[in-house]
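Descriptive analysis of the structure
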Amino acid sequence: MAEELLISTSTDKTVKYEELIPQIEALIGTESDLIANLANVSSALKYGMDFFWVGFYMVKNDELVLGPFQGPIACTRVRKGKGVCGTAWEKNEVLIVPDVDQFPGHISCSSDSKSEIVVPIIKNNTVVGIIDVDSDQLNSFDLIDSQFLKRLCSSISKIWQ
Ligand code: SME
């Protein structure tokens with residue numbers, strides 16, 4: 001496929017995801033290198049959905065280590081149970097944080113980040129990484145984001161190695 005995304009002009013989040021996710025799945029289906037794929041997914045989500053920060057943390061030696069991302073520089077390591085990312089990993093569940101200042105232990109990588117969603121990537125019943133999306137607005141994420149990002153993480157888990 002052409003290495004170009006068709007970015008929806010819709011203001012409806014569901015429509016945007018419905019147009020974007022199949023393009024991302026097609027993109028990662030043609031490449032076997034995990035890092036290359038995660039890099040493109042980060043870019044596709046940031047520019048396709050107009051997010052402030054999108055990136056991956058990968059489980060390595062009992063820590064989350066920063067992987068491919070798009071946006072301002074971020075903290076490189078997160079321990080299990082720490083911050084939003086480490087908590088989502090420990091609990092193996094999606095975390096939606098409407099106001100990061102209200103989340104105990106939130107790790108602030110950018111003072112511009114106001115709300116956040118973290119979705120675990122699960123392979124063989126184990127969390128192998130997470131996707132983290134930050135917004136510079138409060139209350140940006142809901143069950144629609146959770147639903148589509150979970151679908152994407154399921155696709156990503158199939159190419160995770
Ligand atoms: N806020 C996250 C850390 C990662 S940055 O947002 C990119 C957390 O609390 O785990």
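Preceding block: the structure.
Note that the structure is predicted; figures quoted are calculated from it, not measured.

For the rest of this paragraph, the subject is the nonpolar core. Counting 28 residues, the largest nonpolar core has Leu45 and Ile156 as its most contacted members. Residue assignment for this core shows that the elements contributing at least two residues are helix H1 (13–29), helix H2 (34–49), strand E1 (53–60), strand E5 (115–123), strand E6 (126–135) and helix H4 (143–159). Among the elements that make up this core, the one with the highest residue count is H2 (6 residues). Ile156 has contacts with Ile28, Leu38, Val41, Phe56 and Ile121, leaving out every residue within four places of it along the chain. Listed in part, the 18 residues of the second largest apolar core include Leu64, Val84, Val118 and Ile130.

With that settled, the discussion passes to helix H3 (residues 83–91). Because each turn of an α-helix spans 3.6 residues, side chains separated by three or four positions in sequence point in the same direction. For H3, a buried count of 7 out of 9 residues is recorded, marking the element as mostly surrounded by other parts of the structure. Every buried residue belonging to H3 is among Gly83, Val84, Cys85, Gly86, Thr87, Ala88 and Trp89, and all of these are buried. Where H3 is buried, its residues meet E1, strand E2 (63–70), strand E3 (77–79), strand E4 (95–97), E5 and E6. The first or second residue beyond H3 is Asn92, which carries a positive phi of 55°.

In this section: the packing of H1 against H4. Packing of H1 against H4 leaves a shortest axis separation of 10 Å and a crossing angle of 5°. Considering the angle they form, H1 stands roughly parallel to H4. Listed contacts from H4 to Lys13, Thr14, Tyr17, Glu18, Ile21, Pro22, Ile24, Glu25 and Ile28 of H1 are Ile144, Asp145, Phe148, Leu149, Arg151, Leu152, Ser155, Ile156 and Ile159. Residues that form the contact of H1 with H4 fall into these classes: 11 nonpolar, 2 polar and 5 charged.

Let's shift gears to the site of the ligand. As a structural note, the neighbourhood of the ligand is formed by Trp53, Tyr57, Ala74, Gly83, Val84, Cys85, His106, Ile107, Cys109, Glu116, Asp132 and Asp134. Glu116 is positioned with one of its side-chain polar atoms (N or O) 3.1 Å from a nitrogen atom of the ligand. Coverage of the ligand by the protein amounts to 99% of the 300 Å² it exposes when considered alone. Take the shell around the ligand: its biggest share by element is 3 residues, from H3. A per-class count over the shell around the ligand returns 7 nonpolar, 2 polar and 3 charged.

Rules used throughout
Residues numbered from 1 in each chain as written. Predicted model: local features only at pLDDT ≥ 70, side-chain atom pairs only at ≥ 80, totals over all residues. Heavy atoms only, no water. Core = buried A, V, L, I, M, F, W, Y, C linked by side-chain atoms within 4.5 Å. Buried < 20%, exposed > 50% of the residue type's maximum accessible area, 1.4 Å probe, protein only. Helix = DSSP H or I, 4+ residues; strand = E, 2+ residues; numbered from the N terminus. Contact = heavy atoms within 4.5 Å. Axes fitted to C-alpha atoms, helices over the stretch in contact; angles between N-to-C directions. Parallel < 35°, antiparallel > 145°, perpendicular 65-115°, else oblique. Nonpolar A, V, L, I, M, F, W, Y, C, P; charged D, E, K, R; others polar. Near = heavy atom within 4 Å. Polar contact = N/O pair within 3.5 Å; in protein donor to acceptor, adjacent residues only side chain to side chain. Areas by Shrake-Rupley, 256 points an atom, 1.4 Å probe, with all protein chains shown as cover.

Just geometry here; none of it tells us what the structure is for.
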